[in-house]
Amino acid sequence: MNTTTLPKSEELSRLEQAVNEGRGTPALLRRIERLERKHQNAALGRLVKMLQTWEFRDGVLHTARLRDSTKHLADCLGDPQWATVQVLDLGWNKLKVLADTSDLLASMPLLHTLTLGRAPMPALPCPRITKLTVDDEPIALIAERFPGLRVLELVHTSEPTELWQHPFLFRLESLSVGELVFTKDIVRLGGRYSGSEVRCLEQGPVLRRFEVPEEALLDEGRCWDLQELFEAARRKGAEVVLLPEAEPREVRRPWRYERWH
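If you're wondering where the values come from, they're calculated on a predicted model, not measured in any experiment. (Residues numbered from 1 in each chain as written. Predicted model: local features only at pLDDT ≥ 70, side-chain atom pairs only at ≥ 80, totals over all residues. Heavy atoms only, no water.)

Caption draft 1: Molecular detail of the overall build of the chain. Scanning the chain for helices and strands turns up eight helices and 11 strands. Put simply, the chain has 261 residues, and 44% of those count as buried. By sequence separation, contacts in the chain at least 24 residues apart represent 46% of the contacts at least 6 residues apart. By element, 51% of the accessible surface of the chain is carried by carbon and sulfur atoms, the whole surface being about 14500 Å². (Helix = DSSP H or I, 4+ residues; strand = E, 2+ residues; numbered from the N terminus. Buried < 20%, exposed > 50% of the residue type's maximum accessible area, 1.4 Å probe, protein only. Contact = heavy atoms within 4.5 Å. Areas by Shrake-Rupley, 256 points an atom, 1.4 Å probe, with all protein chains shown as cover.)

Caption draft 2: Looking closely at the sheet that holds strand E7 (residues 174-177). Read from one edge to the other, the open sheet built from 11 strands follows the order E1-E2-E3-E4-E5-E6-E7-E8-E9-E10-E11, with strand pairing classed as mixed. Unpaired on one side and paired on the other, strand E1 (51-57) and strand E11 (239-243) mark the two borders of the sheet. Direction aside, neighbouring strands of the sheet carry axes that sit 15 degrees apart on average. (Pairing = 2+ DSSP bridges. Axes fitted to C-alpha atoms, helices over the stretch in contact; angles between N-to-C directions.)

Caption draft 3: Broad picture of the pairing of strand E2 (residues 60-66). Here E2 lies mainly inside the structure; six of its seven residues are buried. Across six bridges, the pairing between E1 and E2 is antiparallel. Opposite Phe-56, over in E2, you have Leu-61 as the bridge partner. In the sheet, E2 pairs with strand E3 (residues 87-89) via three bridges, with the strands oriented parallel. Following the sheet pairing, Arg-65 is matched in E3 by Asp-89.

Caption draft 4: How the structure looks around the environment of Glu-215. Tracing the backbone through its elements, the reader meets Glu-215 in helix H7 (residues 214-218). Taking the C-alpha atoms as reference points, Glu-215 and Leu-243, separated by 28 residues in sequence, lie 8.7 Å from one another.

Caption draft 5: Expanded view of unusual backbone geometry. Of note in this structure, Asp-58 is not a glycine but carries a positive phi near 55 degrees. In this model, Lys-184 sits at a positive phi of 55 degrees, which is unusual for a non-glycine residue. Within the secondary structure, Lys-184 sits in the loop between strand E8 (180-183) and strand E9 (186-189). For Lys-184, a relative accessible area of 77% gives the class exposed.

Caption draft 6: Structural view of the nonpolar core. Core analysis: the biggest nonpolar cluster contains 62 residues, and Leu-88, Leu-132, Ile-142, Leu-152, Leu-175 and Phe-210 have the highest contact counts within it. Here this core takes five residues from helix H8 (residues 222-235), the largest share from any one element. Contacts of Phe-210, omitting those with residues within four sequence positions, involve Leu-180, Val-187, Leu-189, Leu-229, Phe-230, Ala-233, Ala-238, Glu-239, Val-240 and Val-241. (Core = buried A, V, L, I, M, F, W, Y, C linked by side-chain atoms within 4.5 Å.)

These figures come from the coordinates and say nothing about function on their own.
Here it is in structure tokens:
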């Protein structure tokens, strides 16, 4: 059943009207939340057992993340609910129930953002996908299966030399490798630095800036670990730039500026 054809209960419609008229209370809002969840569960039908999280927009399923255990996924490939999904996360299980993800992705004509994780690569090209997150796949295979990509996020890469030599890479608007986010000649450090990013920097292109969020230096133990990453960035020609925190902390840990110069 399509979510747009599933009518809301009279109680849910009445409570939403009360909120629109300014008569909402905390208890009323909690009741609405429970009713909406019940409404969505009914709308999802058999898919509710497949999904860990989901989001509805304008009455239809927009975002979906599969559960780690999806034994009956193959039985739901033709479900009409998939037709409205625009953002899909297959999780980080290997989806052994599917030898190929092509049929699942083909059932989502609006899909543009995909977290493939460790699931099988689709056997057929998916030109609609513009943003992809994947564990570690050869760049040549990614370019073949996802020719319309604009944003690529690799959890890690075992072949940084091969990665940087492929021409497809330079058509992207953004490339993430681990915690490094490359945008043209600027690279930014994201979250927790793992140590594998140094090889990627060393094999990559000449850089203009290496941006480091201030909170990366405020975390205990991070400064010394980041030294080799800073040095690798400078060898590629980058100026190391410290970015201020979006929201200042109440308690800051001191750090010694002279350790980096």
